[in-house]
Amino acid sequence: MRVSGPGAADCLRAMIAGGPKPRPRVASGRRVVDPATGGLIDRGIVLWFPAPKSFTGEDVVELQLHGGRAVVRAVLAGLGKMTGYRAAEAGEVARRAFDNGTIDL
C-alpha cells in the first residue's frame, strides 16, 4: 500500500510506531497503528521515499503489510480518520509521475 503526496510524511508520523522515520529507501520493520487510538493494526515493512526521488516525484510512504482483508481495511480506515487522504483514481499515480517528470511517454 502506498501513500503519495504532501501528506505522506504526516501519514508516516501518525501510523508508524517503533522508532524514528526510516532512512530514505531503506526497508524498516515497524508497527502500523491506528492514528486515532494507537492500537496495533499490523507489523510490516515500511519504506520512505522523499521527493523528488520516488516514482511519482512526490513524498511516498510504502507499507508492505500481511495483506489480509482485515489489515487492508484497518489501514484504509486509519487513513480515513486523517484529513486529506483518499484512494487514487484510475491512472492517477502514472499521471502524477508524468506531470512530475519521472516518466515520459
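Residues numbered from 1 in each chain as written. Predicted model: local features only at pLDDT ≥ 70, side-chain atom pairs only at ≥ 80, totals over all residues. Heavy atoms only, no water.

### Section: the pairing of strand E3 (residues 28-33)
- Looking at chain direction, strand E2 (residues 16-17) and E3 are connected through two bridges and run antiparallel. Looking across to E3, one finds that Ala-17 is bridged to Arg-31.
- Pairing of E3 with strand E4 (residues 40-49) involves six bridges; the strand directions are antiparallel. Bridged to Val-32 within E4 is Asp-42.
- Where E3 hands over to E4, the hairpin turn is made up of six residues, of which Gly-38 adopts a positive phi near 80°. (Pairing = 2+ DSSP bridges. Helix = DSSP H or I, 4+ residues; strand = E, 2+ residues; numbered from the N terminus.)

### A short note on the pairing of strand E5 (residues 60-64)
- Most of E5 sits out of view: four of its five residues are buried.
- Note that strand E1 (residues 2-4) and E5 share three bridges and pair antiparallel. Opposite Arg-2, over in E5, you have Glu-62 as the bridge partner. (Buried < 20%, exposed > 50% of the residue type's maximum accessible area, 1.4 Å probe, protein only.)

### Some thoughts on the side chain of Asp-42
- With respect to the element layout, Asp-42 can be found in strand E4.
- There is no salt bridge for the buried Asp-42, and the closest opposite charge comes from Arg-43, which lies 7.0 Å off by N-O distance.
- For Asp-42, the side chain forms a polar contact with the side chain of His-66, separated by 2.7 Å.
- When near neighbours in sequence (up to four residues on either side) are disregarded, Asp-42 contacts Arg-30, Arg-31, Val-32, Leu-65, His-66 and Val-71. (Lys, Arg positive; Asp, Glu negative; His and termini not counted. Salt bridge = Lys/Arg side-chain N within 4 Å of Asp/Glu carboxyl O. Polar contact = N/O pair within 3.5 Å; in protein donor to acceptor, adjacent residues only side chain to side chain. Contact = heavy atoms within 4.5 Å.)

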